[in-house]
Amino acid sequence: MLYPYRFIIIGTLIAIVAGVTGYTYYSYVNSFQLLTVTYSQKESPLTLYANPEDENSSPKEIQTVTSGEEMKLKKGNYTLRAKGKMIADYEKSISLKDEPISTSVAYQYSENYLASLLLSEQIKISKVLLSAYPKLPNLYDQSRQKLYGRGDFYGEILTYKGDDSDNRDTLRVLMQKKNGKWIVITKPPQINLSIEEYPFVPKSALIDINQLATLPEAPNSPAINPNTISPFE
Amino acid sequence: MIFELILDISRQYRKLIVVTILLLSVIGISIFSYLAITRSGKMAVEVHVAPSDATITVRSKQGMSEISDGTAYLKPGDYTVTVEKSGYEKYTIEQTFDDSRNIIVASLVPVSDEAKKWMQDHQDEYKENEKYGSRQAQQRSEVFFANNPLTTQLPYQDPYYQIGYKNGKDGNAVITVSTESPRYRYFAIKKIQSMGYDIADYKIEFTNYKNPLESK
């Protein structure tokens with residue numbers, strides 16, 4: 001019955017098979033994406049893990065990343081991790097979707113390494129800070145001096161010791177090393193530092209500097225420390 | 001009876017029916033494949049502009065394209081949307097498109113006499129756009145609260161201090177702490193932390209604070 005239409009039927013079937021094959025091939029090719037990571041391999045090798053869909057399973061190690069190498073990976077969620085003596089533990093999530101991703105990783109130094117760097121930087125930092133705020137030593141006690149990131153950010157806490165009890169708030173100083181020179185970036189030092197105002201500063205540094213510190217006492221107001229409970233709590 | 005009639009017609013137009021079915025299958029598969037490929041990774045964005053024949057241009061890092069009133073398919077991301085038509089004020093807006101923001105609404109302001117007359121004669125088109133404008137505003141406010149979750153719990157009123165907020169730059173909230181006492185500024189920050197928020201995520205303005213290190 002269908003014999004007279006055999007060419008149309010065969011042609012149509014070929015077109016359907018070609019269409020389905022083409023679409024399947026396109027979907028397969030489209031399921032991959034490119035990822036390029038540049039970083040300092042000397043400081044510590046970076047390892048790439050594939051995140052499992054099941055949240056209870058642990059990520060599966062895929063490969064050690066070669067800096068600058070283009071990796072062709074299945075679209076999905078990945079994690080980059082690194083550990084080392086000089087650097088702080090590093091972890092970054094990457095979601096590979098429709099666009100290729102090219103990212104650069106700058107490790108942050110470990111606390112111990114930063115503390116050793118501070119020894120050689122502290123005099124230069126203090127000189128710059130005091131020249132920006134000559135009254136500072138008379139008004140504030142300086143504490144919790146620390147370097148952050150790759151030793152290019154510095155923070156400290158200023159605890160008030162002047163006479164203006166209504167404005168005796170504890171302040172935070174943030175400085176940055178640019179082209180080998182330290183500059184004060186909190187002008188003036190602030191009660192609270194936010195990522196919106198300082199987007200170029202590692203958030204971990206802002207969180208650390210923002211930690212509550214002791215507020216000194218005033219004639220009619222006792223000192224409060226982070227454990228003091230508000231009278232209306 | 002009806003069954004026999006259908007069978008009879010089928011026999012008569014057998015060739016035509018077979019060819020039509022096969023042709024429709026090929027067209028259907030072709031359309032499906034074309035749409036699946038061209039819309040891959042894109043999202044549907046509703047576009048409502050008045051007048052509806054205005055030229056709509058969307059510009060992103062990937063490049064520029066022209067879309068029209070109705071539904072456009074765009075990759076999620078940041079865009080500069082421009083709507084223009086001769087005789088009307090040009091409308092430009094920076095817009096982000098994602099799962100929760102997927103609507104473009106623009107009602108062009110007429111400048112020329114001809115455009116003003118057109119607007120008067122087509123009030124319904126402008127009124128229809130207002131409806132979509134309120135949906136867009138709702139989407140924006142949902143995004144604001146999603147990006148600034150602390151604001152959903154504000155204003156907070158304590159006998160000695162108040163925590164509020166105002167709109168800041170780029171859809172970010174600025175948190176305001178009002179009290180004259182450093183003691184209660186301290187407790188206000190502690191309160192924000194006890195609500196489960198990181199104070200580094202918010203710019204905080206202390207309305208009654210005078211910084212001793214501020215240059216006069």
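A. The arrangement of the overall build of chain A in detail. For chain A, the helix and strand inventory stands at 4 helices and 11 strands. Whereas a compact globule of 233 residues would reach a radius of gyration of roughly 17 Å, chain A reaches 29 Å, over 25% beyond that. Projecting the C-alpha coordinates of chain A onto the three principal axes gives extents of approximately 105 × 50 × 30 Å. In chain A, which comprises 233 residues, the share counted as buried stands at 21%.

B. Region of the structure containing the packing of helix α1 (residues 6-29) of chain A against helix α2 (residues 14-38) of chain B. Interhelical geometry of α1(A) versus α2(B) gives an angle of 15° and a closest axis separation of 10 Å. Between α1(A) and α2(B), the angle is such that the two are roughly parallel. Like other packed secondary-structure pairs, α1(A) and α2(B) cross with a definite hand, here left-handed. Here α1(A) contributes A:Ile8, A:Ile9, A:Thr12, A:Ala15, A:Ile16, A:Gly19, A:Gly22, A:Tyr23 and A:Tyr26 to the contact with α2(B), which in turn contributes B:Val19, B:Leu22, B:Ser25, B:Val26, B:Ile29, B:Ser30, B:Ser33, B:Ala36 and B:Ile37.

C. Spotlight on the domain arrangement of chain A. You can read the domains of chain A as domain 1 (34-107) and domain 2 (111-210). For domain 1 of chain A versus domain 2 of chain A, the distance between C-alpha centres works out to 32 Å.

D. Spatial organisation of the sheet that holds strand β5 (residues 77-84) of chain B. Residues and elements named next belong to chain B. Pairing within the open sheet is antiparallel, and its 4 strands lie in the order β3-β2-β5-β6. Every other strand in the sheet has two partners, leaving β3 (63-67) and β6 (91-97) as the edge strands with one partner each. Pairs of neighbouring strands in the sheet enclose a mean axial angle of 25°, with direction left out of account.

E. Quick peek at the nonpolar core. Within the largest apolar cluster, 44 residues are counted, with the highest numbers of intra-cluster contacts made by A:Phe153, A:Leu174, A:Leu206, B:Ile175, B:Val177 and B:Ala188. Of all hydrophobic cores here, the second largest spans 18 residues; its members include B:Ala72, B:Leu74, B:Val81 and B:Ile104.

F. Spotlight on the interface of chain B and chain A. At the junction of the two partners, chain B supplies 39 residues and chain A supplies 41 residues. For the side of chain B that touches chain A, the elements supplying multiple residues, two or more each, are α2, α5 (182-194) and β11 (203-206) of chain B. Among the elements that make up the side of chain B that touches chain A, the one with the highest residue count is α2(B) (11 residues).

G. Representation of the pairing of strand β2 (residues 55-60) of chain B within the structure. Residue and element names in this part refer to chain B. Alignment of β2 against β5, held across 5 bridges, turns out to be antiparallel. The residue bridging Val58 from the neighbouring strand is Val81, located in β5. Here β2 runs beside β3; their pairing, made up of 5 bridges, is antiparallel. Across the sheet, the residue bridging to Ile56 is Ile67, located in β3. The turn joining β2 and β3, which pair antiparallel and follow one another in sequence, is formed by 2 residues.

H. Structural detail: the sheet that holds strand β8 (residues 140-148) of chain A. Residue and element names in this part refer to chain A. Spatially, 4 strands are ordered β8-β9-β10-β11 in an open sheet, and the strand pairing comes out antiparallel. Where the open sheet ends on each side, the last strands, each with one partner, are β8 and β11 (181-184). With direction set aside, neighbouring strand axes in the sheet form an average angle of 25°. Lying on the sheet, helix α2 (residues 111-132) is in contact with β8, β9 (153-160), β10 (171-178) and β11; it crosses β8 at an angle near 135°.

I. Molecular detail of the domain arrangement of chain B. Domain boundaries assigned for chain B yield domain 1 (2-38), domain 2 (43-147) and domain 3 (149-206). Summarising the inter-unit geometry, the C-alpha centres of domain 1 of chain B and domain 3 of chain B are found 66 Å apart.

J. Here's a closer look at the environment of A:Tyr78. All names here are of chain A. Within the secondary structure, Tyr78 is located in strand β5 (residues 76-82). Along the chain, Tyr78 and Ser93 lie 15 residues apart, while their C-alpha atoms are 5.8 Å from each other. Those residues in contact with Tyr78 that sit more than four places away from it in its chain are Leu48, Tyr49, Ala50, Asn51, Ile94 and Leu96.

K. Representation of unusual backbone geometry in the model. Of the consecutive residues B:Ala50 and B:Pro51, the connecting peptide bond is found in the cis state with omega at -5°. Cis geometry marks the peptide bond from B:Leu154 to B:Pro155; its omega dihedral reads 5°. Relative to the elements of secondary structure, B:Pro155 occurs in the loop between α4 (123-147) and β8 (156-157). Of note in the backbone geometry, A:Asn179 takes a positive phi value of approximately 50° without being a glycine. Inspection of the secondary structure assignment puts A:Asn179 in the loop between β10 and β11. Since 5 C-beta atoms lie within 10 Å of it, A:Asn179 is described here as exposed.

Criteria and thresholds
- Residues numbered from 1 in each chain as written.
- Chains lettered and ligands numbered in written order.
- Predicted model: local features only at pLDDT ≥ 70, side-chain atom pairs only at ≥ 80, totals over all residues.
- Helix = DSSP H or I, 4+ residues; strand = E, 2+ residues; numbered from the N terminus.
- Rg over C-alpha atoms; globule rule 2.2 N^0.38 Å.
- Buried ≥ 20, exposed ≤ 12 C-beta atoms within 10 Å, placed from the backbone.
- Axes fitted to C-alpha atoms, helices over the stretch in contact; angles between N-to-C directions.
- Parallel < 35°, antiparallel > 145°, perpendicular 65-115°, else oblique.
- Left-handed = near helix turned anticlockwise from the far one by under 90°.
- Contact = placed C-beta atoms within 7 Å.
- Domains from an automatic or database assignment.
- Pairing = 2+ DSSP bridges.
- Core = buried A, V, L, I, M, F, W, Y, C linked by C-beta atoms within 7 Å.

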